[in-house]
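# Report on the structure
One-letter residues, chain by chain:
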Amino acid sequence: MTGTTKSNQARRSDATRTAILDAARERFAADGYERATIRAIARDARIDPSMVMRYYGSKEGLFAAAVALDLRLPDLTGVPQGEVGRALVSHFLGVWEENEELTAVLRVGATNQAGAERMQGIFRDQLLPVARQVCPDPEQVPARAALCAAQLLGLALTRYVLRLPAARELTREELLAWLGPTVQRYLTAPNP
């Protein structure tokens with residue numbers, strides 16, 4: 001096999017993977033985890049269903065690959081201690097506003113074990129390190145990160161998934177004013 005042939009195959013393989021992941025993200029967002037099928041995703045990607053299984057092994061493997069989300073959480077070490085909560089809430093609002101994949105993962109996470117595990121992993125791997133940067137007691141980091149996740153995911157659920165009118169109508173500044181101090185307290189206040 002020549003180098004050109006291998007290069008062409010690699011490009012086709014990359015294009016196929018991209019088509020599968022794009023189709024999967026759209027299908028999981030539209031149908032949820034339970035109703036999305038490998039056949040429908042393959043049809044959307046214009047490939048044979050066996051190719052989906054070849055690349056990802058299972059629906060769970062495909063879901064995990066399709067929702068490999070990076071929350072791009074900020075480094076809070078340069079943020080004044082009293083503004084950490086507001087900075088984190090502001091960042092989350094920006095991420096949720098621009099990323100429909102997060103909404104899809106939240107929908108799936110609320111109804112499916114694989115989705116719940118994916119959300120747990122995202123927050124464990126990405127929110128815990130941020131909480132470690134500012135939490136005064138290292139032993140409390142997991143509990144404090146969980147409290148922050150409860151606030152941020154609760155907001156996301158009511159604003160972007162359930163689309164409650166009162167939650168949708170709050171301005172960014174109102175959300176920062178309400179949630180910033182709460183998240184701040186969770187992260188930095190002395191243990192109650």
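Structural notes, computed from the coordinates. Sequence order as written defines residue numbering, which begins from 1 separately in each chain. It should be noted that, the model being predicted, local features are given only for residues of pLDDT at least 70 and side-chain atom pairs only at 80 or more, the latter also being counted only at that level, while totals for whole chains, interfaces and linings use all residues. Remark: hydrogens and water are excluded; side-chain values derive from all non-hydrogen atoms of the structure.

## Digging into the side chain of Gln 126
Short version of the rule: A helix here means a DSSP run of H or I that spans at least four residues, while a strand means a run of E at least two residues long, and both kinds are numbered starting from the N terminus. Accessible area is worked out with a 1.4 Å probe on protein chains only. A residue is then buried under 20% of its type maximum, exposed over 50%, and partly exposed in between. Contacts are residue-level and defined by heavy atoms, with any inter-residue pair within 4.5 Å sufficient.
Structurally, Gln 126 can be placed in helix 7 (residues 113–134). Note on Gln 126: relative accessible area 18%, which makes it buried. Contact partners of Gln 126, with chain neighbours within four places excluded, come to Leu 69, Asp 70, Leu 71, Arg 72 and Leu 73.

## As for unusual backbone geometry
A positive phi angle is found at Arg 46, which is not glycine, with a value near 60°. Mapped onto the secondary structure, Arg 46 falls in the loop between helix 2 (38–45) and helix 3 (49–56). Despite not being glycine, Arg 163 has its phi angle at roughly 55°, a positive value. By secondary structure assignment, the location of Arg 163 is in the loop between helix 8 (141–161) and helix 9 (165–169). According to the relative accessible area criterion, Arg 163 is partly exposed, its value standing at 47%.

## Quick notes on the environment of Ala 66
Note on placement: Ala 66 falls in helix 4 (residues 59–66). Sequence-wise, Ala 66 and Ile 20 are 46 residues apart; in three dimensions their C-alpha atoms are separated by 8.7 Å. Ignoring sequence-local partners within four residues, the contact set of Ala 66 consists of Leu 21, Ala 24, Arg 25, Phe 28 and Glu 101.

## What about the pattern of salt bridges?
Put simply, the rule is: Salt bridge, as used here, is a side-chain nitrogen of Lys or Arg placed within 4 Å of a carboxyl oxygen of Asp or Glu.
Applying the stated criterion to the full structure yields six salt bridges. Here Asp 22 makes a salt bridge to Arg 25, at a shortest N to O gap of 3.5 Å. Placement of both Asp 22 and Arg 25 in helix 1 (residues 3–35) is noted, with a separation of three residues, approximately one turn of the helix. The class of Asp 22 is partly exposed, set by a relative accessible area of 37%.

## A look at the nonpolar core
The line we're drawing: As used in this record, nonpolar core signifies buried Ala, Val, Leu, Ile, Met, Phe, Trp, Tyr and Cys residues forming a set joined through side-chain atoms within 4.5 Å.
In this structure, Phe 28 and Leu 62 are the most contacted members of the largest nonpolar core, which totals 58 residues. Setting aside anything within four residues of it in sequence, one finds Phe 28 in contact with Tyr 33, Ala 36, Ile 41, Lys 59, Leu 62, Phe 63, Ala 66 and Val 108.

## A word on the packing of helix 6 (residues 100–111) against helix 7
For clarity, the threshold we go by: Convention adopted: a line fitted to C-alpha atoms gives each axis, helices being fitted over their contacting stretch, and angles between N-to-C directions are expressed from 0 to 180 degrees. Roughly parallel means an angle under 35 degrees; roughly antiparallel means over 145; roughly perpendicular covers 65 to 115; every other angle is labelled oblique. Rotating anticlockwise by less than a right angle from the far helix to the near helix defines a left-handed crossing, while the corresponding clockwise rotation defines a right-handed one.
Between helix 6 and helix 7, the shortest axis-to-axis distance is 6 Å and the interhelical angle comes to 125°. Considering the angle they form, helix 6 stands oblique to helix 7. The element helix 6 and its partner helix 7 pack so that their crossing is left-handed. Along its contact with helix 6, which presents Val 105, Leu 106, Val 108 and Gly 109, the element helix 7 presents Gly 115, Ala 116, Met 119 and Ile 122.

## Section: helix 7
To be explicit about the condition: Expected helix span is computed as 1.5 Å times (number of residues minus one). One fitted axis covers the seven residues ending at a residue, a second covers the seven starting there, and the bend at that residue is the angle between these axes.
If you check helix 7, its first and last C-alpha atoms are 31 Å apart, about what 22 residues at 1.5 Å a residue would give, namely 32 Å. The largest bend along helix 7 measures about 30° and falls at Leu 127, with the proline Pro 129 one to four residues further on.

## Describing helix 10 (residues 172–188)
Helix length check: helix 10 (17 residues) gives 23 Å between terminal C-alpha atoms against 24 Å at 1.5 Å per residue, within 8%. Of all the bends found along helix 10, the most pronounced is centred on Leu 179 and spans about 30°, while Pro 181, a proline, follows it within four residues. Buried positions along helix 10 lie against helix 5 (84–98), helix 7 and helix 8.

These figures come from the coordinates and say nothing about function on their own.
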